[in-house]
Structure formats: C-alpha cells, structure tokens
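Chain by chain, the residues:
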Number of protein chains: 4
Amino acid sequence: MSFNTFGRIFRFTTWGESHGPSIGVVIDGCPPGILLRAEDIQPALDARKPGTSKFVTQRKELDAVKILSGVFEDDRTDGPRTTGAPISLEIENLDQRSKDYADIRDKYRPGHADFTYDAKYGLRDYRGGGRSSARETACRVAAGVVAEKALAHVFGSAVSIKACLVQMGPHEIDRARFSWMEVEKNPFWCPDAVAAKEWETHLEAARRAGSSMGAVIEVVASGVPAGLGAPIYGKLDADIASAMMSINAAKAVEIGAGMEAAALSGEENADEIRMKDGRPHFLSNQAGGILGGISTGQDIVARFAVKPTSSILTPRKTITRSGEETDIATKGRHDPCVGIRGVPVGAAMMALVLADHALLHRGQCG
Amino acid sequence: MSFNTFGRIFRFTTWGESHGPSIGVVIDGCPPGILLRAEDIQPALDARKPGTSKFVTQRKELDAVKILSGVFEDDRTDGPRTTGAPISLEIENLDQRSKDYADIRDKYRPGHADFTYDAKYGLRDYRGGGRSSARETACRVAAGVVAEKALAHVFGSAVSIKACLVQMGPHEIDRARFSWMEVEKNPFWCPDAVAAKEWETHLEAARRAGSSMGAVIEVVASGVPAGLGAPIYGKLDADIASAMMSINAAKAVEIGAGMEAAALSGEENADEIRMKDGRPHFLSNQAGGILGGISTGQDIVARFAVKPTSSILTPRKTITRSGEETDIATKGRHDPCVGIRGVPVGAAMMALVLADHALLHRGQCG
Amino acid sequence: MSFNTFGRIFRFTTWGESHGPSIGVVIDGCPPGILLRAEDIQPALDARKPGTSKFVTQRKELDAVKILSGVFEDDRTDGPRTTGAPISLEIENLDQRSKDYADIRDKYRPGHADFTYDAKYGLRDYRGGGRSSARETACRVAAGVVAEKALAHVFGSAVSIKACLVQMGPHEIDRARFSWMEVEKNPFWCPDAVAAKEWETHLEAARRAGSSMGAVIEVVASGVPAGLGAPIYGKLDADIASAMMSINAAKAVEIGAGMEAAALSGEENADEIRMKDGRPHFLSNQAGGILGGISTGQDIVARFAVKPTSSILTPRKTITRSGEETDIATKGRHDPCVGIRGVPVGAAMMALVLADHALLHRGQCG
Amino acid sequence: MSFNTFGRIFRFTTWGESHGPSIGVVIDGCPPGILLRAEDIQPALDARKPGTSKFVTQRKELDAVKILSGVFEDDRTDGPRTTGAPISLEIENLDQRSKDYADIRDKYRPGHADFTYDAKYGLRDYRGGGRSSARETACRVAAGVVAEKALAHVFGSAVSIKACLVQMGPHEIDRARFSWMEVEKNPFWCPDAVAAKEWETHLEAARRAGSSMGAVIEVVASGVPAGLGAPIYGKLDADIASAMMSINAAKAVEIGAGMEAAALSGEENADEIRMKDGRPHFLSNQAGGILGGISTGQDIVARFAVKPTSSILTPRKTITRSGEETDIATKGRHDPCVGIRGVPVGAAMMALVLADHALLHRGQCG
C-alpha cells in the first residue's frame, strides 16, 4: 500500500484528476481465467454515476469504461478472460465544462483539501478538486467489479456484497423496517421505505437552503468463509478501516457493534456459539463477522460516516494562498449529500479488501 | 504493511506469543543519530504494564526491554545513538505461570480469536491467547517511544501525543471538565476527575459481577506540521484508522467529529479559516486535523472504541474444536476493562503512523 | 515491488500487451514541482524506437506518449509541473498488423515465455508475445525520463546516465578506444568506432542467415552522491541487479569488476582512497561505485548480458500446447540483436533505481 | 522488500550487528503446520560456521539458534509446528572478543563499507563491520531452512537446493569432473576433487601472503515446478538477482548461460523442447530454468561472483574520517576467501526466493 495503491497481492493503483483527459485504474495480481468485459463493469459505474436524480450533482458523466489490457479472447475462449497480467481500465472525463476557477484557484475552500494540498505539494490542480475529487471513486467502483469476480473465482461461489444508507444527517433508519429490497427503489439506497420518504423532504430542504447533510453507509458481505485476515497489522478489520476511511469525506469506520461496543457489557458483546446444520453458528453478530482480525464466516458488517458536502452556498470565512482573509461560497452544481454516492464505493472497497485477503490466505494457508 | 509489519519507511514488525519465552519488535528505517537507551523506553512500558491497580489484570510482567541492535555508543558519542540499522527490542515473558489450559485448548471462548485462528491456521497456541494476546501491544508501546524520538528528530521539536479514556461502558466524560492534567491522577487515564470517581464505582461493580466494560480512547497529536499524508490510499486518516483498528478489541475509529459528522450540516462541519500570528488558523476542528488525507497543522484527533473484555466469569454458550456444544467461563485473573490498557497503545500507534508519514513526506517532498 | 510494479517511494507500474490498444505506466511518488511535458519524454522513446535501422525490427511504432495525469499548468506556472499525484503515461499501439498467429498460438517458441505463461496462467495473449513482449520497455524508457528529472530535482544538479553496447555476440569492444561520443554515431550505441564497423558485418551476416546475436550493455551513472542505498536487502546493487535482470532477455548482471572480481586478488580489487580537492577520491573503481550496498560517490557502473533473439528463421524442435512434438521457425520481421534496443532501457532502469533511492535516502536520513 | 526485509508473502527481516549481543531474523507469512525445531536449523548453521578449517576465519561462533516464537507444541502434535505467526530466530554473539578498534574506528578500510556507512548515516558501529558484517548471513541460513520446509510443505515433495564453489580466484573447476558428491568432502564445497586439491595450494599461498581470493558460487534448485515467477518486475530471475547480489561481497549474478549467453547464437541459446514420459522436456538448459521470468520446470541455475576479501595484511592507502591520508592493514584473523562461506548463503537465498514465489503463485493462480 503506497500513496495511490491499495492491496498486497490483489493490488490496484488509481490515477487521474477531475478535469484531466481521463482517469483510470491498474489492477495487478488478479487471478487468470476470469471472464471480464467492459459491459460487466459498466452497470456498476452507471449506478454510481452522478446526475441520476436531483439529489446528486448534475454533472453529466458518461463514465464509459475501456479495458486496455489484461484480458484476452480468441476462438477457444467464450469471451475475454483475464490473463494474470495487469488490467488497465480507463474512463474518459467528458464533462470538463470550461469554467471560471479564479475563486478556488486562490481561495481555500473550508472542509476541502485545497489548503492541505498546497501545504504539502506547493501547488495543486484546483479544477474540480483535481486529484482529491470524488471522481476518483469511479475507478474504485470499476475495480470493485473485478474484485467481486475474483472472489467468486476463488471461492467457487459468489460472495454477496451489499451497501445502503442507514443515516442521513441526524435521521437514522428504523432497523425494524430494514429491507434490502427497498434499497434500489429510492434515490438514497435507503433500506427503509418510510425513512426514504422523509429523507427526501429533509434533503430537498437542505438543497434549497444551499446547505448539505452527512450520512452513514453500511456495507455487508455475506458468504465470506471463516479464516480470511491476519492477526496483527494485516487484520481484516484494519484493512476495512483503512479502505473505508480512504473514501472521500469519511470520518469514521465501525465494524459490527462499532462505537456502541464500548457501551455493551461483556455478556452482551461476546457472540455465543452453537452448532447448526453441522457447522458453527453464532447466536448474534456484535463482532461484525471478524474476531482477532480474521473472518468468522458470519456476515461482515462495516459502516462509515461521511461528513456533509463542504461545498455549500453559504459564504464561509477563509484565506487566500497569499494569506489574506476573505470569504468563499460555492457556486453552481453541488451534491447536497455526497454520502449517497459513497454507497457503491463502500461496496467496492469491501470487495477489494476481501479479494486481496482471499488471495493472501490461499497463498499462505493453501 | 504485511501480516505483522506496519509502516512504509519507518516500519516495524512484531513477533511473539503471550506464553513464549519473549516478545519483540524490529524497527527498520529509523533515522540515524537519535539518542536511544533502554531507560528511555522503559517508562512507557511501565505505564502500560498490567498489575498497577486492581482494575487491570494482576499478571506480574516486569516488561524489561532490551535493545539488541541498531544503536552504537563510543567515546565520541554522548550515549547510544541509532545507526540507521534495524532496532531490535526484546521483552521477556516472565510470568508464564503453568496453568491448566485444558478448557480453552478445546473450547472456543466467545468474543476471542480462538475459533478464527483454528479456522485459518488449523492449529493455535492457546496459552494466554498466544499471538492474539494483548501482550503484543507492549511491543507497540516500545516502538512508539522510538517513533516519538524520530518525530522530534525530523521536526526539530517535539510532537506531543497524548491519550485518555473519554468513555467507560456507557459513561462518557463531561467535556467541560476535560483536563489533561487529570489523566495521570487516576487509574483510568480519565481527563475528568468527577467521571473518574464514578467510573471507579461502575468498574468495581462490573469486576465483582464477573462482567466487563468497553471504553472509548481519544488520542491527540499536537505540533504536527501541515502536509503529512497522501491523497488516496496513503491518507493519514486511513493509516490512523488501520493503526487503531489493529489494536486488540477495537471495533470503531473516528477522526475529528467522527460518527457525529454525519449529523452535522455543511455549515457546522467545514472548519472556517482565518490568519493568526501570520499563519493560517482554523476556527474549529471538526476535521480532526486532517483534510483530504493530509494534516492541516491543527491537532490531530482520533478516537477508537474498544469492546468489553470477552473473558468474563459468567458461563457462555460455545462449542468445542470437535463441534460439541458446551459452556465456558473464564477463571482466574481478568481485566474488567481492557480499554484502560489501550490508552498508551493508542498513543504509540499515533506516533508510529506519524513517524512513517514524516519520513515519507520528507522523501517525496523534501 | 510487486508483479508489475518497481520501486518503494518512487514507484511505477506498467501495463499493456504488444497487440492491445495501448500500453502505459503509472508513476507514483514523484516529487511535485517538476516541469514535465510530453515533448520531454518523446525523444527518449524515439531513440529506443524500432525501425531506425535495418538492424532492428521494422515494426513501425509511432510511440507518441500522452500524459494523462499528474501535471498541472496555469498562468502562474511556466509549463506543466508535476503535482505529486500519480503520473499516467499512455502510448498507443498503432502497428498491430493483422496476422496469422495460428503457429505461435499452438506451438511454444523455444527461448520465449510461451510455455511458461501457459504453465502459470493456463492461457496467454500470444499476439506478438503479449505481456512478455519487449514492447513493455517503452514504458520504462518513458518513466526513466521522469526519474532523471526527479534526480536533478532532488540533487539540484543533473545525474548523468549513459549506456552503450560493449559486446555483440562474442565480439567485445577495445576499451582503449572507448569514447562516449561515438555512441550516438552508429546504430549499435557502440563506444568503439572500429568495433562498430566490424559489428555491422557480423550482424548483417547473422541477419541474412536468419540467426541472431546476444550483447552486453554497460550503464554508467555519474554525479550520484555518496550515501544512496541501504545495507542489506535494500542494497543499491541488489536493486540494480533486480532492475537489469527484469529487462527482457537479460541473463546476467555485473557491478563494477563483476564476474572478473572473482579472479582478482584482494590487493587488486579493493579501491584505495586518497583526498582530492578536499574530497575523498578513489584510485580505482573495481567496486563500480557501490560498497556495502551504498554509493561511494564514484561512477556507478553496471553491465547486463542479453541473450540472442530467440525468434530465428531456422526451424527448431518444440511441442504444441497439447503435447505433440513439432518444429517452429519465426517468419517475418525480427531483431537480429535485441540487445541494441536494451541500451536505452538499461539507462532508464538505472535512473528509476536511483530516483527511488534518492527519495528513500532523503526520507530516512534527511 | 524494504531496507532489511526480503520477500512479499514469505517475508523475513534480519537485525543485528557483528559485535552486539545477538543477531536474529523474523520470518512472517510462513504456512502453518510445519514441523520446526531448533535442531532442524542448527546443522545448516554449523555448516556455514567459520572456524571449521584453516581457510575460514577462526572466530569461534557457537551459532546456537533459538526459536522465540511462531511454533507451538502440545500433546496433540508430534513436535513444535509453525502456527502462521511470525517466527523469531535469535543467535547469540558469543565471541565478541574485546579488541582495539582504534584503527578502523578512524580509518576507512578499502573495499569495505566503512566510508559509505559514514557517508550515509553520519556514524557507524565499526566493531567487526557492524551491520555490514557477513555475520548477518547466519540469519539467512537459518531462515533458509524454514524456507526449504515451506517449499516441501507447499509442493508435497522436496525441492532440492544445492550449492558449490565453481571458481576460486582465477581457477575454475573442470565441468567434466563435476560431482555433487565431492562437495561435502573438501573444505571449499568444490564439486571437482582435483580442483579442490589445487585450490588448497592456491589458497594456502594467498593466506600466507596475507592476500585473498574471490570465488564463483553456483546454486541449483531441482524439483521446482513450472509456473513460479511473474512477468515483469516480479520475475523469478530478477528476484534471484536481487537475492544473490545482496550477499556480502557479491559483484555479479548469472542465470543459466549468464554472461556467456551474449556470445551464443540464437540457435545455440534457445533450448529446444520435446516430450519425455508424457511431459515437456527441454533438450538443454541455457535458460537456467527460467523463461520470461517464470520457471520452466527444469533445474534453476544461478551463479554469483564474490570479490576477494578486502581485509588483507598488505597496507593499503586510505583516509581517515577527518580527511587525512593514511595507510591501513588488517590485523588478526581473516578469511582468505569469503566466497567459501557464501556457498550455504547462496543456497539459503535461493530457498527464500522460491518459498516466496511458491506462496505468491498459490495466492494468485491457486
């Protein structure tokens, strides 16, 4: 894991800025022999794509992915299959509308990485956030599809990874109404139909006020066998924490009971075990499917909190590059809740962590 | 970062089991020329050491650290100085009291890594938790001292890293009473004198009941210059998340506003900027000192939640290695709140992450 | 360093196959603020390009490089400068002439990676060698230009890296006639004008006979300060050995006296030291500028041997994928001495190793 | 691979100086379930040990290895078995005879790392060479035994790794007399009984003259299946080159035909293939068992050249730390040919590279 690379065996490196010609990802270490076409990846990108409702930025991104390397097809194969060589995926940036950047060129937007990039590098590509733009997450979503295929290839059956929004601003879902089937039926990936309705009102109000809301995303991986992970610094939960915290605007990561675990008693927290159908069966899942950094075979449950969009219409106090005090307000399109777009990204990161650990485990333990 | 290694340039690898002859850590990449004696490290180990109050396990660990390599002293130096070679630290395990392990040898303790280690490796060293024992964290604390010295060496002045317990079980501190000076005055590292008193009652009750409590630890690093970190997968907060989540029993990590960030509005969340003494000055610190994965120069603030000790006196449902249903209760000494011992470990991990990023930044950006 | 990545801080990852749409490289960890335009990279690619004489393959590759990310230009900069973000370079594959691959699709070419790729991956992209094609080295040459710029940036003055062919087939140059000025005057990068003439005859004969010749390439880096490298597994010479051996067809790597060092006496081998102009001055350079894995400040001298092109017109015994014995002969264009094209690749790899060590050294030692 | 770490999944980190209290190695990523006792490792250390003949340094090193972690034994196992946790091995430095280091403390020994360590780190442990001492290679030999066991574990049958000295000073063996059975019968690991006799005379003369000789070591691994390695920067031969070049005093590495490959014609070089016993069978092995960076299933053949010992009795020109010109001669015990001790080290490094690739391959390709 280096600056722009994640993973150990199943590794990927992303590149590209919001307003450059394109963005992309190179996946190295993917097992050979996996059927992989651009049209397998495209639906995930389309689901993530902004502009699908009034609640996400209206930027029109076609997000058509191209596979530039790492697959091969001839008349002996039933389609392009991975060869074990690096898989290079590229997505063009179509909607780089020419725009006046004079404001953010010189002023640091509060809550954004403008100040820190300048502090670190002495210069920055300020167009649309440059490297720090959430646009980079399209690469993760594309790579995540490859990771899901790798997991199915290694385990011989699909690992199911689902994600949803369980809180928008201060508004949590009602767990009693939780249904994965609801998730695709509303623009928020909300598993609670009633909450989804209410959120619409809240978010519309925030949008009209030029304000924004945070969110909490929950990601659940089912079908992961026991034994993935490693004891100390290669812990499965440590890698998930790193993966989720690397998502734009993330400020917290929870596994299983998460922050709430602190308030539980030992009796409430430790998941008891029984046998069921000849296999170990946990009577609860406070652990979120991970004990000692290694998967238990239960659902792996992670959540991450995303802060409210920092680009808001209200003028905010800030300084310029040369140290003058001033104000700044975001103009034009903005996402009132960037957390919505974080849902498929969270699912992708889970797939990417699991694929790496699946290969690592197979490597060390056979 | 591999299974038992953390860091990129400033890297450390820990080894050892709870009941082996010793445990240790090898630190590679430490800058040369730093004064380092065993007596610099020992106080941190003594502070972490169990047996200092009735609220932590009564195991008697002397925890005397030996420096086996990586320092050199002659009549031209004022003491042993790091040479740039790997620093090997070893701590003997003195109190390996012979004990009947028949119970945990065959039964999986709920909440522990017993089941997952067997699932992964097919065997495990069950004595005292083996590799998954919190004993390993002594190595982190020792390495953390070296990291703090490296930070002072690189920055020319000390980075101050402090940690405390801000919640025990469901009981939070009152932020209005927060004082770092209180932290060393009670056995809980609690910054709120009133809460510390109350916690004593709560924890004593839990201990007598054979139960246990979780905790939330807060770690604050002051004096870190702006510019440490990296944009995408080398984010400073992603590394802190990985570091904190790798600590035994951790189930959640927060940066700055953390989970609460989700409930804030954009106006509340984004920290405004002004100038002060000729330098950028943030008017709040919801960001916890990190924007876009890079330090802002403000205090870096992280928290992690630790679940309640899984070893409790109440019998719990479980299974044996061979799949028979049974019950298990912990006998003998136990920590009613392992979170207490997590305080110095959290501080050490913060130092270790920052040292690595300080060297990485100096490497890439000069 | 993983499968397709090289380096630690200054890291690059290449991707692409000979007959895919394009090939490319992603460079991560490059210092910010370096002026970088496609036209800075292009000349190095043009120099490496096949088709420049009858002695290298007539494949017409335009090899126009595009910079897709990692640089930024506005009216405050004097051109595009690196931002510290990943630099993505892409080179289109123009000359993918449609061709009958039936022969190499089913038969393993002796001396090529056909058999081993099938053994490892179970399938392979056989068009033009796929991933194992020397085409990949264009990416190294492009990345090498960035590395040279990074070296100049870090050291404040240019490190000069030169390479030449010192042996073709069994024919060595005469060291007494060695002149770097000759290197660009002949199609072989030969520093000996007389030898260059003779080689022309030898190579033409080999070409006409459908045979091929090996070569030895020498790479010299001047202006590298003392202190780059690391003691044990991060040795500068170990990294150079890895870098050079990773070049297609390389079978041996030498540092300084190389294999000949075995035949020297201790008195002949160890380079004596005197002072000159107030600085340490070595009286010879058997060490090739590296002692104990760390640079001495002298010229760094490395050589690598490249085997003769395996694609020859003479029919050779081989087997098919299904295990039938058969013969194979290469048809069409071929390089009678692939070593010639290895010259700029060797220089590029030297630059890439040095850039990584320059940043590592700055990181650890300041 | 960092400064003092080698490998990706099967990783090891060495630590320690020649005259510190001990040296050691931590192996991470070893598969679980492998029987491992100190007495399995000891014979390899004894074979490497100096003092076994008058031709190697008379330093008395007991080299008793201790296993401090990573194995577990109970009444259900037939001995201590690896657990998947880090294996920490320690070897005490017994013979740290107190000695006058005044000379090498201030003077740089030509051919040694004295100057470069000071240039890099600003200080060095000069006692016995400190970190740059060949003493570190004892750790490699110990780790190599674990690697050999891991290979047998993964492949289900032993990979046989043998090494010998094929050249001492300018004196090569006669390949016609090559016999592995001779190797253990003489103090040089020489596979040619006649040459061994002659070398005795040559080396005795060098020793008496206070001079020294270089050597070439050949390492052969048999029984390695086809498919280990990776195409570009994870090439098996690139890793072997790095591994061998990291051995003290190594100046060149060859695979298969090595430097000689440059002088061969394409017809001579490319190994033809036939079927034998239903399996691919190469008619020669110029490739040294590796094509395109991936093993062919043939013997893997590597050689490395070691320079003559730099510590000789003849006074040599050098400078002091403060830049004064002076002379230095080594006093006391010295190895007239350090290459002899390099033989078991070369074998160990081969085992370590192969173990890493075996696990990597199993991880990526199943």
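Quick caveat: nothing in here was measured; it's all calculated off a predicted structure. (Residues numbered from 1 in each chain as written. Chains lettered and ligands numbered in written order. Predicted model: local features only at pLDDT ≥ 70, side-chain atom pairs only at ≥ 80, totals over all residues. Heavy atoms only, no water.)

**What to know about the overall build of chain A**
Assigned secondary structure in chain A consists of eight helices and 18 strands. At 21 Å, chain A has a C-alpha radius of gyration in line with the 21 Å of a compact globule built from 366 residues. Dimensions along the principal axes, computed over C-alpha positions, put chain A at roughly 65 × 55 × 40 Å. Within the span of chain A, comprising 366 residues, buried residues form 68% of the whole. Within chain A, residue pairs in contact and separated by at least 24 positions form 69% of the contacts whose partners lie at least 6 positions apart. (Helix = DSSP H or I, 4+ residues; strand = E, 2+ residues; numbered from the N terminus. Rg over C-alpha atoms; globule rule 2.2 N^0.38 Å. Buried < 20%, exposed > 50% of the residue type's maximum accessible area, 1.4 Å probe, protein only. Contact = heavy atoms within 4.5 Å.)

**Here's the deal with the interface of chain B and chain A**
On the side of chain A, 105 residues touch chain B, which itself brings 105 residues to the contact. Summing the contributions of chain B and of chain A, the shared interface buries around 8600 Å²; its carbon and sulfur component is 61%. Counting across the interface, chain B meets chain A through six salt bridges. Linking chain B with chain A are 51 residue pairs in polar contact (both at pLDDT 80 or more). (Buried area = accessible area lost by both parts, 1.4 Å probe. Salt bridge = Lys/Arg side-chain N within 4 Å of Asp/Glu carboxyl O. Polar contact = N/O pair within 3.5 Å; in protein donor to acceptor, adjacent residues only side chain to side chain.)

**A closer look at the relation of the copies chain B and chain A**
With an axial shift of 0.0 Å and an RMSD of 0.0 Å, the rotation relating chain B to chain A amounts to 180°. The operation mapping one copy onto its partner corresponds to a two-fold rotation axis. (Least-squares fit on C-alpha atoms with pLDDT ≥ 70 in both.)

**So, the interface of chain C and chain D**
With 105 residues of chain C at the contact, the number on the chain D side is 105 residues. Both faces considered, chain C and chain D share a buried interface measuring about 8600 Å² in area, 61% of it formed by carbon and sulfur atoms. Here chain C is connected to chain D by six salt bridges. For the salt bridge of D327 of chain C with R274 of chain D, the shortest nitrogen-to-oxygen distance reads 3.5 Å. One can count 50 residue pairs in polar contact (both at pLDDT 80 or more) joining chain C with chain D. Grouping the amino acids of the side of chain C that touches chain D by side-chain chemistry returns 52 nonpolar, 35 polar and 18 charged. (Nonpolar A, V, L, I, M, F, W, Y, C, P; charged D, E, K, R; others polar.)

**Some remarks on the packing of helix α4 (residues 137–155) of chain B against helix α8 (residues 339–365) of chain B**
A pair of packed helices is characterised by two quantities: the angle between their axes and the separation of those axes. Residue and element names in this part refer to chain B. Running from amino to carboxyl end, α4 crosses α8 at an angle of 40°, the nearest separation of the two axes being 7 Å. One way to sum up the angle between α4 and α8 is to call them oblique. Crossing hand, α4 versus α8: left-handed. In this structure, α4 contributes T137, R140, V141, A143, G144, A147, E148, L151, V154 and F155 to the contact, and α8 contributes P344, V345, A348, M349, A351, L352, L354, A355, A358, L359 and R362. (Axes fitted to C-alpha atoms, helices over the stretch in contact; angles between N-to-C directions. Parallel < 35°, antiparallel > 145°, perpendicular 65-115°, else oblique. Left-handed = near helix turned anticlockwise from the far one by under 90°.)

**A few points about the relation of the copies chain C and chain D**
Aligned on chain D, chain C shows an RMSD of 0.0 Å; the corresponding rotation is 180° and the shift along the axis is 0.0 Å. Of all interface residues in chain C, 100% are interface residues in chain D too; the two copies therefore contact each other through one and the same surface.

**Re helix α6 (residues 236–245) of chain A**
With ten of its ten residues buried, α6 of chain A lies for the most part within the structure. The set of residues buried in α6 of chain A consists of L236, D237, A238, D239, I240, A241, S242, A243, M244 and M245 of chain A.

**Observations regarding the environment of P31 of chain A**
Its place among the elements puts P31 of chain A in the loop between β3 (22–28) and α1 (38–48). Excluding anything up to four places from it in sequence, P31 of chain A contacts F10, T82, A150, H153, V154, L359 and R362 of chain A together with Q364 of chain D.

**A short note on the nonpolar core**
What tends to happen in soluble globular proteins is that the nonpolar side chains get buried as a cluster. Judged by nonpolar contacts, the single largest core of 375 residues is most densely connected at L354 of chain A, L354 of chain B, L354 of chain C together with L354 of chain D. Residues within four places of L354 of chain C in sequence aside, it is in contact with L151, V159, I161, A221, V224, L228, L236 and I300 of chain C. (Core = buried A, V, L, I, M, F, W, Y, C linked by side-chain atoms within 4.5 Å.)

**Structural notes on helix α4 (residues 137–155) of chain C**
All names here are of chain C. The end-to-end C-alpha separation of α4 is 26 Å, in line with the 27 Å expected for 19 residues at 1.5 Å each. Taking burial as the measure, the 19 residues of α4 include 14 buried ones, the bulk of the element. With its phi angle positive at about 80°, G156 sits one or two positions after the end of α4. (Expected span 1.5 Å × (residues − 1).)

**Details of the pairing of strand β11 (residues 250–255) of chain B**
Burial analysis of β11 of chain B places six of its six residues in the buried class, the great majority of the element. Two elements, strand β11 (residues 250–255) of chain A and β11 of chain B, share three bridges in a ladder whose sense is antiparallel. Note on β11 of chain B: the bridge partner recorded for V253 of chain A is V253 of chain B. The pairing of β11 of chain B with strand β16 (residues 300–306) of chain B spans five bridges and is classified as antiparallel. Residue pairing for β16 of chain B: A252 of chain B is matched across the bridge by A305 of chain B. (Pairing = 2+ DSSP bridges.)

**Here's the deal with the packing of aromatic side chains**
Tallied over the entire structure, the rule returns 39 aromatic pairs over all chains. Their ring planes at 65° and their centres at 5.8 Å tell us that Y117 of chain A and Y121 of chain A sit as a pair that is edge-to-face. Here Y121 of chain A and Y117 of chain A lie together in helix α3 (residues 114–121), a separation of four residues that amounts to about one turn. Looking at Y117 of chain A, the relative accessible area reads 7%, which means it is buried. When the centroid spacing of 5.0 Å and the interplanar angle of 75° are considered together, the rings of Y126 of chain A and F72 of chain C count as edge-to-face. Here Y126 of chain A, found in the loop between α3 and α4 (137–155), pairs with F72 of chain C, found in strand β5 (residues 71–72), and the two come from separate chains. You'll find Y126 of chain A and F72 of chain C in the same group, each marked buried. Taken together, the aromatic side chains of F6 and F12 of chain A together with Y233 of chain B make up a single cluster linked through ring pairs. (Phe/Tyr/Trp six-rings, centres within 6.5 Å; stacked < 30°, edge-to-face > 60°.)

**Observations concerning the packing of helix α1 (residues 38–48) of chain B against α4 of chain B**
Residues and elements named next belong to chain B. Where α1 meets α4, the axes come as close as 9 Å, and the angle between the chain directions of the two elements is 140°. Taken together, the axis directions place α1 and α4 in an arrangement best described as oblique. Judged by the twist between their axes, the crossing of α1 over α4 is right-handed. Where α1 abuts α4, its residues D40, I41, A44, L45 and R48 lie against T137, A138, V141, A142, V145, V146 and K149. Among the residues forming the contact of α1 with α4, the class breakdown is eight nonpolar, one polar and three charged.

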